Amino acid sequence: MGKTIKKDTIHANGIDIGIYTTDFENEFISLTDIARFRSTDPRITIHNWLRSRDIVEFLGLWEELHNPNFKRIDFDTFKKDAGSNAYVFSIKEWTENLGAIGLITKSGRYGGGIYAHIDIAFEFASWISPEFKLYVIKDYQRLKRDENSRLSLSWNLNREISKLNYRVHTDAIKENLIPPALTPQKISYTYASEADLLNTVLFGCTAKEWREKNPDSTGNIRDNASIYQLLVLSNMESYNAILIKQGKSQAERMQLLHELAVQQMTTLSSLNVSNLPGIEE
């Protein structure tokens, strides 16, 4: 598991249940906390569940579907005694010998215990109590709704910031790029050209090219941008206004804006730089 860990807690029928994630995509729920609904010794309860042949086969199938590094051949040997009275499921052997990722053990006085991917954790909760499983799912869904609400708020906030900075950007164009006595059509064209410079640097295409590639999408290229892209776009607009006032040519500004976009997108979202649009020589 990675070093950067985010922790949340869900509350199911009076039981606090910890959740960990290291990549903000795959989440692991504490089986130890779930087991406390029925037992004062959660570890024994969990290992009793893991002894079942059906559960071992379920875990193996989950790994085959989600883990390309899972050692399927070794798994056949691992499960041969599953379900027998003498069978003991070892999480350490499961993870180290088979390369499994669905179960993890965490140490520590607070937050330590046995964790499982949400798919597996819900299966365990059902074994503990079908009724309790519904409480777990209900509060997990509440947690996801809260997260989505915060993301939506952040997206709209950054969209409004982008719109405000666009005014600064267009004012700089008007003051520094538009000669006197130009027709409104040419002024409009100059605005569009500068906007598409930013679009090309950040999105890899102009607004028109994006519309042609996405005829069924609602809104424009910026309406469909991510939170990170909108934040970087806002910074690019302010920076471009400064570069315009400095008298930088469009080619110079494109290079400097690209450097800014790469730096900030890498910092914000840990994206591979090769995924960002390049600039043709």
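A quick note: this is a predicted structure, and the numbers were derived from the prediction, not measured. (Residues numbered from 1 in each chain as written. Predicted model: local features only at pLDDT ≥ 70, side-chain atom pairs only at ≥ 80, totals over all residues. Heavy atoms only, no water.)

A. Seen up close, the pairing of strand β5 (residues 113-117). In terms of burial, β5 is largely enclosed, as five of its five residues are buried. As paired strands, strand β3 (residues 27-30) and β5 are joined by three bridges and run antiparallel to one another. Within β5, the residue paired with F28 across the bridge is H117. Pairing analysis gives four bridges linking strand β4 (residues 103-106) to β5, with the strands arranged antiparallel. Counterpart to L103 in the pairing with β5 is A116. (Buried < 20%, exposed > 50% of the residue type's maximum accessible area, 1.4 Å probe, protein only. Helix = DSSP H or I, 4+ residues; strand = E, 2+ residues; numbered from the N terminus. Pairing = 2+ DSSP bridges.)

B. Spatial organisation of the packing of aromatic side chains. Counted by the stated rule, this structure contains 11 aromatic pairs. Here the aromatic rings of F70 and F75 are separated by 5.6 Å at their centres, their planes lie at 55°, and the arrangement is tilted. Among the residues examined, F75 registers a relative accessible area of 3% and is labelled buried. Through successive ring pairs, a cluster of aromatic residues spans F70, F75, F78, F89 and W94. Lying over the aromatic face of Y20, K106 brings its terminal NZ or CZ to 4.7 Å of the ring centre. (Phe/Tyr/Trp six-rings, centres within 6.5 Å; stacked < 30°, edge-to-face > 60°. Lys NZ or Arg CZ within 6 Å of the ring centre and 35° of its normal.)

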